[in-house]
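One letter stands for each residue in the lines below.
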Amino acid sequence: DGGITQSPKYLFRKEGQNVTLSCEQNLNHDAMYWYRQDPGQGLRLIYYSQIVNDFQKGDIAEGYSVSREKKESFPLTVTSAQKNPTAFYLCASSPDRASGNTIYFGEGSWLTVV
Amino acid sequence: DAKTTQPNSMESNEEEPVHLPCNHSTISGTDYIHWYRQLPSQGPEYVIHGLTSNVNNRMASLAIAEDRKSSTLILHRATLRDAAVYYCILRVHAGNMLTFGGGTRLMVKP
């Protein structure tokens, strides 16, 4: 089935460690996004990419990094510079930037700092 | 991105219709109105979207005001599985993101 796959579902990070969250899509979508969601809150954009080898910062990019070497993959690295990384992370994709296009979401990844 | 305003929460009885309102007074002519819903610990799920005309699909109906400054998501017969947080979002033409606010938490009573 076509869709977006995020892994792992649950991840624990020690203080000072970098961790990488995987996001893969087989929908042939150009645009991909990473969002962060804190309990009881809406989604906030971290990074987005409209095309391979290009990405832009969203509203809360500090302490995060991404790459877009392949169309289907958009991994997110949570670096040690992110002071409060415990949250629910959502990856999404869309055919392109047209406003009539639907955005599809993965099932999310829970990151907890221990 | 233009902002939307939704009530924090609503309650409904099972099997009854539910009307979820959304105000978006700063909407531009090319902005689409999208609705998503989210269950706990899951990614948001697409529900419906529209531009000017009312829209129907298997999940819901979307009624858009003539001036497009508000819209209403209609669930025709609420079920317990419809209990979720519903987000009303404006997608700006050639914009780079969706802006999610707090949404409306819908509770369905048996």
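In what follows, the structure referred to is the one given above.
Numbering of residues starts from 1 in each chain and follows the order in which that chain's sequence is written. To read the labels, note that chains go from A and ligands from 1, taken in the order they are written. Reporting of local features is limited, given that this is a predicted model, to residues whose pLDDT is at least 70; pairs of side-chain atoms are given and counted only at 80 or more, and all residues count toward the totals for whole chains, interfaces and linings. Values shown for side chains rest on all heavy atoms present in the structure; no hydrogens or waters enter the calculation.

Looking at this structure, how should I read the sheet that holds strand β1 (residues 4-7) of chain A?
Working definition: the strands of a sheet are paired by backbone hydrogen bonds and lie parallel or antiparallel to each other. Residues and elements named next belong to chain A. Pairing between strands requires that DSSP locate at least two bridges from one strand to the other. Only DSSP runs of H or I with at least four residues qualify as helices, and only runs of E with at least two residues qualify as strands; both kinds are numbered from the N terminus onward. Spatial ordering of the open sheet is given by β1-β3-β8-β7, a layout of four strands whose pairing is antiparallel. Looking along the sheet, the strands with just one partner apiece sit at the ends: β1 and β7 (64-66). Averaged over all adjacent pairs, the angle separating strand axes in this sheet is 20°, with direction ignored. Bridge count for β7 against strand β8 (residues 76-78) is three bridges, and the pairing is antiparallel. Across the sheet, V66 pairs through a bridge with L76, a residue of β8. For helices, the fitted line uses only the C-alpha atoms of the stretch in contact; every axis is such a line through C-alpha atoms, and the angle between N-to-C directions lies from 0 to 180 degrees.

What is the right way to look at a nonpolar patch on the surface in this model?
All names here are of chain A. By definition, no residue in a patch forms a salt bridge, and every one has over 30% relative accessible area; like charges are joined within 9 Å, nonpolar side chains (Val, Leu, Ile, Met, Phe, Trp, Tyr) within 5 Å. Computed with a 1.4 Å probe, the accessible areas rest on the Shrake-Rupley method; for each residue, only the protein chains presented here act as cover. Think of a salt bridge as a Lys or Arg side-chain nitrogen and an Asp or Glu carboxyl oxygen that are within 4 Å of each other. On the surface, Y10, F12 and V114 cluster together to form a nonpolar patch covering roughly 380 Å² of accessible area. By secondary structure assignment, the location of F12 is in strand β2 (residues 10-13). For each residue, the accessible area found with a 1.4 Å probe, counting protein chains only, is set against the maximum for its type, and the residue is called buried under 20%, exposed over 50%, and partly exposed in between. The exposure class of F12 is exposed, given its relative accessible area of 57%.

Help me out: how do you make sense of the state of the cysteines in this one?
Residue and element names in this part refer to chain A. What counts as a disulfide here is a pair of cysteine sulfur atoms lying within 2.5 Å. The tally for this structure, following the rule as stated, stands at two disulfides over all chains. Across the disulfide, C23 is cross-linked to C91 (sulfur-sulfur distance 1.9 Å). On the sign convention where negative is left-handed, the bridge of C23 and C91, at about -75° about the S-S bond, is left-handed. Linking C23 in strand β3 (residues 19-25) with C91 in strand β9 (residues 87-94), this pair joins segments that are 68 residues apart in sequence. Neither C23 nor C91 differs from the other in exposure class; each is buried.

Explanation requested: the interface of chain A and chain B in the structure shown.
One widely used convention gives an interface's size as the accessible area the parts lose upon coming together. Contacts between residues were defined by any pair of non-hydrogen atoms, one from each residue, lying within 4.5 Å. Listed per partner, the contact involves 26 residues of chain A and 22 residues of chain B. Accessible area that two parts lose when put together, with a 1.4 Å probe and added across both, is what the buried area reports. Buried area between chain A and chain B, both sides added, is near 1900 Å², and the carbon and sulfur share of it is 49%. Seen at the junction of chain A and chain B, the total is zero salt bridges. In protein, a polar contact means a hydrogen-donor-capable atom and an acceptor-capable atom, both N or O and within 3.5 Å, with residues adjacent in sequence counting only if both atoms are side-chain atoms; elsewhere, any N or O pair within 3.5 Å suffices. On the surface where chain A and chain B come into contact, there are seven residue pairs in polar contact (both at pLDDT 80 or more). Ranked by residues supplied to the side of chain A that touches chain B, first place goes to strand β5 (residues 43-51) of chain A with four residues. Looking at side-chain class alone, the side of chain A that touches chain B contains 11 nonpolar, 10 polar and five charged residues. All amino acids are sorted into three groups, where Ala, Val, Leu, Ile, Met, Phe, Trp, Tyr, Cys and Pro are nonpolar, Asp, Glu, Lys and Arg are charged, and the leftover types, Gly among them, are polar.

How should I be thinking about the pairing of strand β6 (residues 54-57) of chain A in this particular structure?
For a regular strand, side chains alternate in direction, first toward one face of the sheet and then toward the other. All names here are of chain A. In the sheet, β5 pairs with β6 via three bridges, with the strands oriented antiparallel. In the sheet register, I51 faces β6, and the bridge partner there is D54. Here β5 hands over to β6 after two residues, with N53 in that stretch at a positive phi of 65°.

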